[in-house]
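Descriptive analysis of the structure
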Amino acid sequence: MAWTPSRRSILHPDSGMVHGVSSEITPPEVYAQRRQWLKAASSLGAGTLFSALGAEAGWAQGVAPQPAKRPGKLAALPGARSTVAGAHVADKWTSYDDVTHYNNFYEFGTDKSDPAAYASSLKPRPWALSIEGEVGKPLKLGLDELLKLGAMEERIYRLRCVEGWSMVIPWVGYGLATLLQRAQPTSRAKYVDFVSLADPQQMPGVRSGVLDWPYVESLRIDEAMHPLTLLAFGLYGEVLPNQNGAPLRLVVPWKYGFKSAKSIVTIRLSEKPATPSWVKANPGEYGYYSNVNPRVDHPRWSQATERRIGEGGLFAPRRPTQMFNGYEAQVGALYAGMDLRKFF
């Protein structure tokens, strides 16, 4: 299937960049249903109506979700329950179908449905990951070596997109620190940069000019070595689907989702950071840190609330966004004394 830019992608007049916000555009069939829904809802009191919506959305507090069955779509990748503080949030899990069919992965297109539609062309095997730069022991490891490097853990993390939507995903992997320690970072290693695959034969979106490929992200080394920073190889007890960043990706749960680079081929430790792709594309809208912060809005929308995917559709109440996506107790000390408006 040939890839073409989505007709519903929006070209921002200031930057000229395509910004995939099709999730916020109401399809005609949904609009028709809305009129019927409002008519039926008019017979309910407001309290009854929103109480029902909240119950449907699973907003009960303090109740851990029941583990879901393995989807049976891909090879199994079980993980033991993690003992890392903060690694298991009690929120209801986002469905496997939503997690795998509502994605930002611009290497396959700018619409949310494009990764699932076009990522079958990605070849997650054979795969090699290089760890280089300010390290005492440069490494180049194949996927099987990487899978055996650390004990697989299941971690239930919130994911918050900069666009104002969120998910809860059961990932499988191990702490990134496990890998970085093997490479023996030197005293000059202050930052860790991540480079994703950019193969136009496998990734049709790379043939577009949406970003300056390859996709690059970067963390301070203390962020990269934090126990919550995950090198993920799977989700829902199976290996990663292509559209979710196969065969390995970063997951940094207290930062906006674009900080978690997918389909990584190079990790480079350096004295000075690389410029992340979205910072390079539009530094006025995307900062180096990109920590989830409800008090610092995106220039074009508020970050105070979020829409949880799978919870009641268009009419579900929006959730208040939590500082550091709810991981402040674990990561707040990393930014002690910093002006989080200046260093956004």
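Note that this is a predicted model, so its numbers are computed, not measured. (Residues numbered from 1 in each chain as written. Predicted model: local features only at pLDDT ≥ 70, side-chain atom pairs only at ≥ 80, totals over all residues. Heavy atoms only, no water.)

1. Focus: the nonpolar core
With 83 residues, the main nonpolar core has Trp-171, Leu-179 and Ile-267 as its most contacted residues. Tallying contributions element by element places strand β7 (residues 165-175) first for this core, with seven residues. The residues touching Leu-179, leaving out its near neighbours within four places in the chain, are Leu-129, Ile-131, Leu-141, Leu-146, Leu-149, Leu-231 and Ile-267. (Core = buried A, V, L, I, M, F, W, Y, C linked by side-chain atoms within 4.5 Å. Buried < 20%, exposed > 50% of the residue type's maximum accessible area, 1.4 Å probe, protein only. Helix = DSSP H or I, 4+ residues; strand = E, 2+ residues; numbered from the N terminus. Contact = heavy atoms within 4.5 Å.)

2. Observations concerning empty space enclosed by the protein
One way to see where empty space is left: roll a probe the size of a water molecule over the atoms. Counted by the stated rule, this structure contains three cavities of 30 Å³ or more. Each pocket or cavity is described by its volume, and for the largest cavity that value is around 450 Å³. Around the largest cavity, the lining comprises 30 residues; the ones closest to its centre are Asn-104, Phe-105, Gly-257, Phe-258 and Lys-262. In terms of residue count, β7 provides more of the lining of the largest cavity than any other element does, four residues in total. The class makeup of the residues in the lining of the largest cavity is 18 nonpolar, eight polar and four charged. (1 Å grid on protein atoms, 1.4 Å probe; cavity = no way out; pocket = protein on both sides within 12 Å on 5 of 7 lines; lining within 4 Å. Points joined across faces, edges and corners; volume = space filled by probe spheres on them. Nonpolar A, V, L, I, M, F, W, Y, C, P; charged D, E, K, R; others polar.)

3. Let's talk about the packing of aromatic side chains
Following the criterion strictly, the structure yields 14 aromatic pairs and no others. Judged by centre distance (6.1 Å) and plane angle (90°), the rings of Tyr-289 and Tyr-335 are edge-to-face. Taken together, the positions of Tyr-289 in the loop between α8 (277-281) and β14 (305-308) and Tyr-335 in the segment after α9 (328-331) put the pair 46 residues apart, joining distant regions of the chain. Residues Tyr-289 and Tyr-335 agree in their burial class; the two are buried. Through successive ring pairs, a cluster of aromatic residues spans Tyr-191, Tyr-288, Tyr-289, Phe-324, Tyr-335 and Phe-343. One cation-aromatic arrangement involves Arg-158 over Tyr-327; the distance from NZ or CZ to the ring centre is 5.7 Å. Geometry around Tyr-288 places Lys-259 over its ring, the cationic atom sitting 4.6 Å from the centre. (Phe/Tyr/Trp six-rings, centres within 6.5 Å; stacked < 30°, edge-to-face > 60°. Lys NZ or Arg CZ within 6 Å of the ring centre and 35° of its normal.)

4. Let's talk about the confidence of the model for the protein
The predicted model of the protein averages 85 in pLDDT, with 80% of residues at 70 or higher. Ranking the elements of the protein by mean pLDDT puts helix α2 (residues 46-56) last with 32 and strand β12 (residues 249-251) first with 99. This stretch, residues 1-63, has a pLDDT under 50; its non-local contacts, to residues over four places away or in other chains, come to 79 contacts. (pLDDT = per-residue confidence, 0-100.)

5. Quick look at the pattern of salt bridges
Summed over all chains, the structure comprises 16 salt bridges. Between Asp-91 and Arg-158 there is a salt bridge, with the nearest N and O atoms lying 3.3 Å from each other. With Asp-91 in the loop between β3 (80-81) and α3 (96-101) and Arg-158 in strand β6 (residues 153-160), the pair connects residues that are 67 residues apart, well separated along the chain. The buried category is assigned to Asp-91, whose relative accessible area is 14%. (Salt bridge = Lys/Arg side-chain N within 4 Å of Asp/Glu carboxyl O.)

6. A closer look at the pairing of β14
One ladder, built from two bridges, connects β7 with β14; its direction is parallel. Its bridge partner lying in β14, Ser-166 is registered against Arg-308. Here β14 runs beside strand β15 (residues 319-320); their pairing, made up of two bridges, is antiparallel. Residue pairing across strands places Glu-306 opposite Arg-319, the latter belonging to β15. (Pairing = 2+ DSSP bridges.)

7. A look at the side chain of Ser-260
When you line up the elements, Ser-260 lands in the loop between β12 and β13 (264-270). Ignoring anything within four residues of it in the chain, the contact list for Ser-260 reads Arg-249, Leu-250, Val-251 and Val-252.

8. Considerations on the sheet that holds strand β5 (residues 139-142)
The strand order β5-β4-β13-β8-β9 describes an open sheet built from five strands, whose pairing is mixed. Whereas interior strands pair on both sides, the edge strands pair on one side only; in this sheet they are β5 and β9 (216-220). Between one strand axis and the next, the sheet turns through 15° on average, direction left out of account. Where strand β8 (residues 191-196) and β13 come together, six bridges link them in antiparallel fashion. The partner of Tyr-191 across the bridge, within β13, is Ser-270. (Axes fitted to C-alpha atoms, helices over the stretch in contact; angles between N-to-C directions.)

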